[in-house]
There are 2 protein chains.
Amino acid sequence: MKDPTIADIDARRQAVGQMVAPTAAYADSDMFKLQCSRASNKPAARRWDNHLTAESFARAPGILKVAARFLKRPGIISLAGGLPTPDYFGFRSISAQVPTSNHGIFFEGESTITMGIHDIATENAAFDLSVALNYGQAAGSAQMIRWITEHVELVHNPPYADWDTCLTTGSTDGLYKALRMLCDKNRGDSWMTEEYSYATALETAIPLGIRTVGIKMDSEGLVPEAMDKILTNWDASRMGARKPHVLYTVPTGQNPTGSTQSASRRRAIYDVCQKHDVYILEDDPYYFLQLHSRTSNSQPRKLSVGEFLASLPPSYLSIDTDGRVMRLDSFSKILAPGTRMGWVTASEQMIERFIRHSETASQGPGGFSQAMVYKLVDEKWGHTGFLNWLQRLQAGYTDRRDVMMSAFDKFLPKLIVSWHVPSAGMFCWLKIKYSCHPNSKIYSTLDIEEEIFAACLKRGVLLAKGSWFRAEPDLPLQGVFFRLTFAAASAESIEVAVRAFGTALRTIFGLV
Amino acid sequence: MKDPTIADIDARRQAVGQMVAPTAAYADSDMFKLQCSRASNKPAARRWDNHLTAESFARAPGILKVAARFLKRPGIISLAGGLPTPDYFGFRSISAQVPTSNHGIFFEGESTITMGIHDIATENAAFDLSVALNYGQAAGSAQMIRWITEHVELVHNPPYADWDTCLTTGSTDGLYKALRMLCDKNRGDSWMTEEYSYATALETAIPLGIRTVGIKMDSEGLVPEAMDKILTNWDASRMGARKPHVLYTVPTGQNPTGSTQSASRRRAIYDVCQKHDVYILEDDPYYFLQLHSRTSNSQPRKLSVGEFLASLPPSYLSIDTDGRVMRLDSFSKILAPGTRMGWVTASEQMIERFIRHSETASQGPGGFSQAMVYKLVDEKWGHTGFLNWLQRLQAGYTDRRDVMMSAFDKFLPKLIVSWHVPSAGMFCWLKIKYSCHPNSKIYSTLDIEEEIFAACLKRGVLLAKGSWFRAEPDLPLQGVFFRLTFAAASAESIEVAVRAFGTALRTIFGLV
């Protein structure tokens, strides 16, 4: 079957007509796919019962949510659910000024999005505040699940039939619930991550009593052979933990190293996971922040939708024939962190367990977020405008990366500091040749790292220490690294900060 | 010391000047109290180390949040945190139409609230989208914590010094984290609730392996003597669970029974909790929905702020000399459920543990919510306008309650159905005299409940079954009850539905 296109999505919407999704309407991806699970000739996902925790198994559907099914009967009057009347909501309508897609790469000008309290009744709209600001399904609104489903099918087109999605309140929420679903300290569970990994992810596992195993990395990120070796030789009694059955990986613009796995690297890692029955948590917030190399200062050429999609690396989700991947996406890096909204994609079995957890832990994302993001990405921009917006971000972050790389070239002493130019994300990872330190015989790597950190701070620059991101902080620190981001500071500040960093290094290493 | 007033709060704000709280600024209640903990002559809260779970104990501050403290240095350039630049946020400004406080009881007309991306820099504002839509502290924005702190001090004025607050993404989130903090299945923990309780609360405990113990109720809710007896006679080996050390209670307009604990009842329950070292989770979403009795159809008189505050029942928080209460508040019933925002108040020790959990599970509420609610309750309405709004809600829900009570009087067969007129909240609890059922000798209570439920459904009316709310569903169902809400349906629909309910009862019980 040919790849899904935006034209296919538009045609499907035309065919089914206006969405009817009142307060707390149930929705899942199968309602919005181009090809629903039953009609698909793709294989079904494998079952993951042996991976689930006792807690996750014990989750039953909430009685009130089950009762809500009766609401589908036409004309029924409910005195059952304690939903406040929208007459007493503190908000009558909301609106926002948003960047306008002009079908070019840069978004010039602004336009307005608006949602009123009774737009469904008065304007035959698909969504309004009477729905968005009332109680809803923990999985998210039908309106957002439709858009997410279309987006996932367009970008990833998972190669098995029964994939599903639901919203999260961001990937912190997604990872936390995935861990509760898959790892149980009473079973002695452990999980694997890159040897340097996202600090919050590592900190999520610690109080849950889950042992973290760090896997060696090279310039393409996690090394599959290293993972295979660890799994093949695992001795549960010696390691004090069950053989890891979960891999957490940030495949694109990895945090903190900035590395991006090549297509063949992803394939090799997936193969090792198949071999050892490992479930994959693909945390990919930087997926769309591909940073291009530029030969001149000319404006970047706008890609067609097809070209743009082809320019993205294959996600694990897109090669996942087994349904062994839970992919975590987030609006944080591409619209705003404050949306507190993201989504997970995995097999129906796993999404169902995930939603059960959300029902008694978090509920879905906020109604303002769902309303605002829906209005923007569905009604105002559409899928085409959204992909154009991503191109605009890529151009912007590429500029910022290049400012930092120029500053590195200009101000850093290459004798003692080295880096790879990141091809995605927000981070660059700098390796310090600590053996060149005048006191390298008596100072530990941690000492040298702290000395550089403190010297930069004294010069008004805050860097992130490599040691903050160690998967296994009890092991000796193998190198001195710093993570620098080009996402936040202005071009001028980046220059000033990198210059101060270079001066600090020269001073400490006696290169002045 | 005299009770805090809105004038005191205004004076304090005047004295300290404009709030300065940039991106991800740290904040806690002590920064905004009229009297900070150290200056207070109130006693300190007790420590609850023996109540905390191993998981909660193991939570350490996140390394990246700790690093953010360095950002306080003036002029520092950070290349550390992966915060996207606000230049690339998908939203430039937001606004809303909101009901205008006219200082009367009814809110006539609308006005506009607006927040732009750089209002702090360009208009010397206290909050803007560059902050609200970026990453923030899991505890919530400084702007919202200030308002919440002032509100809590005004309404509850906790009688110990070191109370603190933080935001939640709603009380589902609050309760879930409180349970993880206090109850551990590996320790054989159990908790107590009213014998009929909020279904989602009960469902939160089940997969966590926490045994629920239901406590008898009367028309004033939970019976303290029944709780004392259970605790005094607890035999851990016979009960298969440790003696309960946590009480979950909904003191006002209880869900599902609609009962409200009197002031003396609250005091008696608190005493029993002191006697048995029980920690109290006070879930009080209906606190402000006091429903008044009215002698005529005249418009309700508007109360002064002092009169209004005096009309509220004493919360557990307001009598909590030990710091043994965690109070859960929510905007869901008083602004809109879709805000997905509430707050918890407890001793500093407990709030600190709570925030550590939020950092690796949920983060704080969405930025749109924090921005919108701040603009509304702080800048547009202020504390006075907010309390006026609550009076407006009380008048509205009182009208709705009275519509339902009139319909009960008109349509329900008093021979077999009885109720108390609820004095708060959204619910009425109807008791069916099932012994009058023609087949009461052969039908179980569950059978009769189902027969009535199904007959109503056939007539187009959805009710909530009493059995859905049983704290201990394995015990035999002691009575037949239905929960009806007057919050959601229109007056006409309430009449139609209650009439159908009455007809169904008459038919089933052979009263036609």
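Residues numbered from 1 in each chain as written. Chains lettered and ligands numbered in written order. Predicted model: local features only at pLDDT ≥ 70, side-chain atom pairs only at ≥ 80, totals over all residues. Heavy atoms only, no water.

> Could you clarify how one ought to interpret the sheet that holds strand E14 (residues 427-432) of chain A in this entry?
The strands that make up a sheet are held in pairs by hydrogen bonds between backbone atoms, and each pair lies either parallel or antiparallel. Residues and elements named next belong to chain A. Reading across the sheet, the 4 strands line up as E13-E14-E17-E16 and stay open at both edges, with antiparallel pairing between neighbours. Looking along the sheet, the strands with just one partner apiece sit at the ends: strand E13 (417-418) and strand E16 (464-465). Sitting on the sheet, helix H16 (residues 445-458) is in contact with E14, E16 and strand E17 (480-485), with an inclination near 35° to E17. (Pairing = 2+ DSSP bridges. Helix = DSSP H or I, 4+ residues; strand = E, 2+ residues; numbered from the N terminus. Contact = heavy atoms within 4.5 Å. Axes fitted to C-alpha atoms, helices over the stretch in contact; angles between N-to-C directions.)

> Any chance you could explain the relation of the copies chain B and chain A here in plain terms?
At an RMSD of 0.0 Å, chain B and chain A line up after a rotation of 180° and a shift of 0.0 Å along the axis. Considering both components of the superposition, the chain copies are consistent with a two-fold axis. The position closest to the rotation axis in chain B is occupied by the C-alpha of Ser95 of chain B, lying 2.6 Å away. With an isologous cut-off of 70% or more, the 99% of interface residues of chain B that recur at the interface of chain A puts this contact in the isologous class. (Least-squares fit on C-alpha atoms with pLDDT ≥ 70 in both.)

> When you look at the side chain of Ser362 of chain A in this model, what are you seeing that I'm missing?
Of note, Ser362 of chain A is situated in the loop between helix H13 (348-359) and helix H14 (367-380). What makes Ser362 of chain A buried here is its relative accessible area of 4%. There is a polar contact of 2.5 Å between the side chain of Ser362 of chain A and the side chain of Lys177 of chain A. Beyond its immediate stretch of four places on either side in the chain, Ser362 of chain A contacts Asp173 and Lys177 of chain A together with Thr169, Thr172 and Arg340 of chain B. (Buried < 20%, exposed > 50% of the residue type's maximum accessible area, 1.4 Å probe, protein only. Polar contact = N/O pair within 3.5 Å; in protein donor to acceptor, adjacent residues only side chain to side chain.)

> What exactly am I supposed to notice about unusual backbone geometry here?
The phi angle of most residues is negative, glycine excepted, and most peptide bonds adopt the trans form. Following Asn255 of chain A, the chain continues into Pro256 of chain A via a peptide bond in cis, with omega recorded as 15°. Looking at where Pro256 of chain A falls in the secondary structure, it is placed in the loop between strand E9 (246-249) and helix H11 (263-275). Unlike most non-glycine residues, Asn157 of chain A shows phi in positive territory, near 40°. Taking relative accessible area as the criterion, Asn157 of chain A reaches 22% and is therefore assigned partly exposed. The phi dihedral of Ala24 of chain B is positive, around 60°, even though this residue is not glycine. Considering the arrangement of structural elements, one finds Ala24 of chain B in the loop between helix H1 (6-16) and helix H2 (54-57).

> How should I be thinking about the domain arrangement of chain A in this particular structure?
The accessible area lost on association of the parts is a frequent measure of interface size. All names here are of chain A. For chain A, the domain assignment lists domain 1 (140-365) and domain 2 (403-508). For the pairing of domain 1 and domain 2, the buried interface totals around 1700 Å² over both sides, and the portion due to carbon and sulfur atoms is 61%. The three residues of domain 1 that bury the most area against domain 2 are Tyr196, Pro256 and Leu291, which together make up 35% of that side's buried surface. Scanning the region where domain 1 abuts domain 2 turns up 0 salt bridges. Inspection of the domain 1/domain 2 interface yields 6 residue pairs in polar contact (both at pLDDT 80 or more). Elements that contribute at least two residues to the side of domain 1 that touches domain 2 include exactly strand E5 (190-194), helix H8 (199-205) and strand E6 (211-215). If one sorts the elements of the side of domain 1 that touches domain 2 by residue count, E6 sits on top with 4 residues. (Domains from an automatic or database assignment. Buried area = accessible area lost by both parts, 1.4 Å probe. Salt bridge = Lys/Arg side-chain N within 4 Å of Asp/Glu carboxyl O.)

> Whenever I open this one, the packing of H14 of chain A against helix H14 (residues 367-380) of chain B confuses me. Can you help?
Between two packed helices, what matters for the description is the angle formed by their axes and the separation of those axes. At a minimum axis distance of 7 Å, the contact between H14 of chain A and H14 of chain B shows a crossing angle of 110°. Considered as vectors, H14 of chain A and H14 of chain B are oriented roughly perpendicular to each other. The segment H14 of chain A lies against H14 of chain B, with Phe368, Ser369 and Met372 of chain A engaging Phe368, Ser369 and Met372 of chain B. Classifying every residue of the contact of H14 of chain A with H14 of chain B gives 4 nonpolar, 2 polar and no charged. (Parallel < 35°, antiparallel > 145°, perpendicular 65-115°, else oblique. Nonpolar A, V, L, I, M, F, W, Y, C, P; charged D, E, K, R; others polar.)

> What is the right way to read the side chain of Asp320 of chain B from this model?
The topology assignment puts Asp320 of chain B in the loop between helix H12 (305-311) and strand E11 (325-330). Buried Asp320 of chain B, no salt bridge; nearest opposite-charge side chain is Arg324 of chain B, N-O distance 5.2 Å. (Lys, Arg positive; Asp, Glu negative; His and termini not counted.)

> It is not clear to me how the pattern of salt bridges should be interpreted in this structure. Could you clarify?
Note on pairing: side chains with opposite charge can pair once their charged atoms come close. Residue and element names in this part refer to chain A. Tallied over the entire structure, the rule returns 62 salt bridges over all chains. The salt bridge involving Glu220 is made with Arg265; its shortest N-O contact spans 3.8 Å. Here Glu220 is found in the loop between strand E7 (217-218) and strand E8 (221-222), whereas its partner Arg265 is found in helix H11, with 45 residues between them in sequence. Under the relative-accessibility criterion, Glu220 is labelled partly exposed at 28%. The network of salt bridges with common partners includes Arg13, Arg146, Glu150 and Asp378.

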